[in-house]
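Here are the chains, one letter per residue:
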Amino acid sequence: MTRDIKQMIIMKTSKFLTVTGACFGLALAGCATTGGAKGKEALPDEVGGAAVTERETISKAGADQLIPKEKKRAITADQRADFEKAMKRYLEARGDGTISRSECSSVSDAFKRVADDNPGLLEARFNQGAVLYECGRDDEAARIWEGLKYGPAITNLGYIAWKNNEPGRAESQFQKAISDDPLHSVEARNNIAQILRDKARRAGSSEEKKQYVGQAVSNLRTVLALDSNNLQAFSTLAFIYYDMNMLEMAKLVGNQAIKKAEEIATGKFEEEKVEEASEGKAAGGKGKKGAKGGKEKADKGGDEEAAKPKEIGREAGTGVTGDMKKQLAIVHNTLGLVELKKKNISPAIKQFKEAVVLDPNFAEARLNLAALSLNNRDYMTAEENFRAAIKLQPKNFEASIGLGVALRGNKKFDEAEAQYNTARGLDPSQGASYFNLGLLYQEYKDGQKPSLQKAQDYYRQFLGHQSGGTSPSLVKEAEKRIKDIDEIYVALEEAAKMQAESEAMQKKAEGQQKKMEEEMKKMEAQEKAANEKAAADKAAADKAAADKAAAPAGAATAPGNNEPNKADAKGAAPGADDKAAGAAPAGKKGGKKKK
């Protein structure tokens, strides 16, 4: 098996590339304001009404049916002043982002006094409870909202039910908010759309799925008709289109959301064009010729400014708020999923990175980025994002396994083993931890028999933890690896035998070599001794010859005798018979008698 495939094994047992309903989060209505800030309920003017903003996702022809008419409500200047005073008190108390416990009751009471004096200002009564909820006093807030026929109040009761794990009651409250107060049902409709979206994903038939999707889209269209700046509606709609495999529509809505966020943040909006009106104007000229003439004029630069989208200054931009960042992160994550489904890996990674930058606590985006980075062998990025995801979701089994793979890729083998064991502790019934432990011991340890035996044991445990979701190919892979290790055992035994024989032959050769070296040393010593003796003999002979050449004439000495030979007084030679002593020298007169 190649390294490429091994790095992919984790992906066969995981489902990182998805977005769960939890990542969206249900909407909670906040305090009603006087300014009409995005996502909040505003105190309406004397004759209220909802404006319609035409966007690509909403048909203007159907907007009248989607948006109910606001009933006229007279609000006096004194009522408005009282409400604004209470709101100012709230904003001052919340200056640092939170309301202290000491001020919570007094701020809530400020709205209570306005509500008591002006029963028609439902916004004030709602805010009385909203302040308490913000301080963590959920039960007190719920008691104030109970029986209040005001959409945001009913929506928040549903939200509390959802937090308390009562999905049925939550859905019922959201539907009630829509029914009782259609004009103030933005959060309720967003929540219902997400519930319907999740039902569609679990639907048993295509017809049932289609029905849920249709209802979800209808609610989102209404939200955007009521509040064209509602980024949550855009983000949910984009994901629904992705989930329906309508990739281009998902991309279109996602890009609309990004553009809309920029407009909200800067306060500069492009003038909206109505395509039908443009076509009618062109047709009102001189037919095709007139349309052509208009185009030619624009091409020549005579009317270039008219051809460009115009920007109209509106109220100051909000800047990119925290809530906007969260919704945009969801949008970028969905766009990343769209690119991934189209097999555009680099653009997908770019979108996931953008999602993580916008919302570092968006676990799903981090998991998606980590998984793709793992496939691209970018183990550092994968490790960083798996670690971040685990901090956000400590019990996420797949993130724990993914981190182990990233650590293995970064050659942190001991940490990888510890991480796999952590994953095994999170869910001992899942086989991925056993398989990856087996892989670690087989491929990344010392390759010796004890490590291979451990690897086999882990593979067998993996096979013992199969489930309906276990990949058949992974089962075959584990079985093959067990068999391969058995064959490795035989190979190791053969290798050990050959090694022993090789070592014996080596040892014998080393002994023979040593003996030969000793013989050679002995011969060299003998030769050296002979050479030294010969050199000494030659030196002695040379010295003797030199001494002889230097001795006086007639005083020759025999070798080894330090004294010259002595002759007797009569000149007898050494060794002459003693009888010869006294004899006269030859030829001396009178020495012998003549016969």
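Quick caveat: nothing in here was measured; it's all calculated off a predicted structure.

## Points about the overall build of the protein
Here's step 1: Helices and strands together make up the secondary structure of the protein, namely 24 helices and two strands.
Here's step 2: In the protein, 64% of the contacts between residues at least 6 apart in sequence involve partners at least 24 apart.
Here's step 3: Summing over all exposed atoms, the protein offers an accessible surface of approximately 34700 Å²; the carbon and sulfur share of this is 51%.

## Details of the state of the cysteines
In a disulfide, the sulfur atoms of two cysteines are covalently bonded to one another.
Here's step 1: Summed over the entire model, instances satisfying the criterion amount to one disulfide.
Here's step 2: Here Cys104 pairs with Cys135 through a disulfide, and the sulfurs are 2.2 Å apart. The S-S bond linking Cys104 to Cys135 shows a torsion near 120°; that makes this disulfide right-handed. Taken together, the residues Cys104 in helix α4 (residues 101–117) and Cys135 in the loop between α5 (122–134) and α6 (138–145) connect sequence positions 31 residues apart.
Here's step 3: The class of Cys104 is buried, set by a relative accessible area of 1%.

## What to know about the packing of aromatic side chains
Here's step 1: With the rule as written, the count across this model stands at 10 aromatic pairs.
Here's step 2: Ring geometry for Phe126 versus Trp145: centroids 5.6 Å apart, planes at 20°, classification stacked. Note that Phe126 is positioned in helix α5 and Trp145 in helix α6, a separation of 19 residues in sequence. Like Trp145, Phe126 is buried.

## Observations regarding empty space enclosed by the protein
Here's step 1: The full count for this structure, using the stated rule, is one cavity of 30 Å³ or more.
Here's step 2: Size it by volume and the largest cavity reaches roughly 40 Å³.
Here's step 3: What lines the largest cavity is simply Arg197, Ala200, Arg201, Lys209, Val213, Ile240 and Asp243.
Here's step 4: Every element with two or more residues in the lining of the largest cavity is listed here: α9 (186–201), α10 (206–226) and α11 (231–243).
Here's step 5: With three residues, α9 is the largest single contributor of residues to the lining of the largest cavity.
Here's step 6: Looking at side-chain class alone, the lining of the largest cavity contains three nonpolar, no polar and four charged residues.

## Remarks on the side chain of His184
Here's step 1: Checked against the element boundaries, His184 lands in the loop between α8 (167–180) and α9.
Here's step 2: Of the polar contacts made by the side chain of His184, one reaches the side chain of Asp181; its length is 3.0 Å.

## A closer look at the environment of Asn230
Here's step 1: You can see Asn230 is positioned in the loop between α10 and α11.
Here's step 2: Measuring from C-alpha to C-alpha, the distance between Asn230 and Leu220 comes to 9.5 Å, with 10 residues separating the pair along the chain.
Here's step 3: At 3.3 Å, the side chain of Asn230 and the backbone nitrogen of Gln232 are in polar contact.

## Some remarks on the pattern of salt bridges
Here's step 1: Tallying each qualifying case throughout the model produces 25 salt bridges.
Here's step 2: Between Lys199 and Glu171 there is a salt bridge, with the nearest N and O atoms lying 3.0 Å from each other. A residue pair is termed long-range when its members are at least 10 positions apart, and Lys199 in helix α9 and Glu171 in helix α8 qualify at 28 residues.
Here's step 3: Residue class for Glu171 comes out buried when judged on its relative accessible area of 19%.
Here's step 4: Where salt bridges share partners, they join Glu383, Arg387, Lys412 and Glu415 into one cluster.

## Concerning α11
Here's step 1: The end-to-end C-alpha distance of α11 is 18 Å, a good match for the 18 Å that 13 residues give at a rise of 1.5 Å each.
Here's step 2: Where α11 starts, the residue carrying a side-chain oxygen 3.3 Å from the main-chain nitrogen of Gln232 turns out to be Asn230.
Here's step 3: With its phi angle positive at about 65°, Asn245 sits one or two positions after the end of α11.

## Comments concerning the confidence of the model for the protein
Here's step 1: Summing up the model confidence of the protein, the mean pLDDT is 78 and the portion of residues at 70 or higher is 72%.
Here's step 2: Counting interchain partners and residues more than four positions distant, the pLDDT-below-50 stretch residues 34–66 has 71 contacts.
Here's step 3: Here residues 272–277 scores under 50 on pLDDT; set against residues more than four positions off or in separate chains, the count is four contacts.

## Considering the environment of Lys350
Here's step 1: Mapped onto the fold, Lys350 is located in helix α17 (residues 345–358).
Here's step 2: Accessibility expressed as a relative area gives 65% for Lys350, which makes it exposed.
Here's step 3: Taking the C-alpha atoms as reference points, Lys350 and His332, separated by 18 residues in sequence, lie 9.0 Å from one another.

## Quick look at the packing of helix α23 (residues 449–464) against helix α24 (residues 472–550)
Here's step 1: Where α23 contacts α24, the axes come no closer than 10 Å and their chain directions differ by 155°. Between α23 and α24, the interaxial angle falls into the category roughly antiparallel. Crossing angle aside, the handedness with which α23 passes α24 is left-handed. Residue-level inspection shows Lys449, Leu452, Gln453, Ala455, Gln456, Tyr459, Arg460, Phe462 and Leu463 of α23 in contact with α24, the latter providing Leu474, Val475, Ala478, Glu479, Arg481, Ile482, Ile485, Asp486, Ile488, Tyr489, Leu492 and Glu493.
Here's step 2: Looking at the contact of α23 with α24 residue by residue, the class counts come to 13 nonpolar, two polar and six charged.

Cut-offs applied
Residues numbered from 1 in each chain as written. Predicted model: local features only at pLDDT ≥ 70, side-chain atom pairs only at ≥ 80, totals over all residues. Heavy atoms only, no water. Helix = DSSP H or I, 4+ residues; strand = E, 2+ residues; numbered from the N terminus. Contact = heavy atoms within 4.5 Å. Areas by Shrake-Rupley, 256 points an atom, 1.4 Å probe, with all protein chains shown as cover. Disulfide = S-S within 2.5 Å. Buried < 20%, exposed > 50% of the residue type's maximum accessible area, 1.4 Å probe, protein only. Phe/Tyr/Trp six-rings, centres within 6.5 Å; stacked < 30°, edge-to-face > 60°. 1 Å grid on protein atoms, 1.4 Å probe; cavity = no way out; pocket = protein on both sides within 12 Å on 5 of 7 lines; lining within 4 Å. Points joined across faces, edges and corners; volume = space filled by probe spheres on them. Nonpolar A, V, L, I, M, F, W, Y, C, P; charged D, E, K, R; others polar. Polar contact = N/O pair within 3.5 Å; in protein donor to acceptor, adjacent residues only side chain to side chain. Salt bridge = Lys/Arg side-chain N within 4 Å of Asp/Glu carboxyl O. Expected span 1.5 Å × (residues − 1). pLDDT = per-residue confidence, 0-100. Axes fitted to C-alpha atoms, helices over the stretch in contact; angles between N-to-C directions. Parallel < 35°, antiparallel > 145°, perpendicular 65-115°, else oblique. Left-handed = near helix turned anticlockwise from the far one by under 90°.

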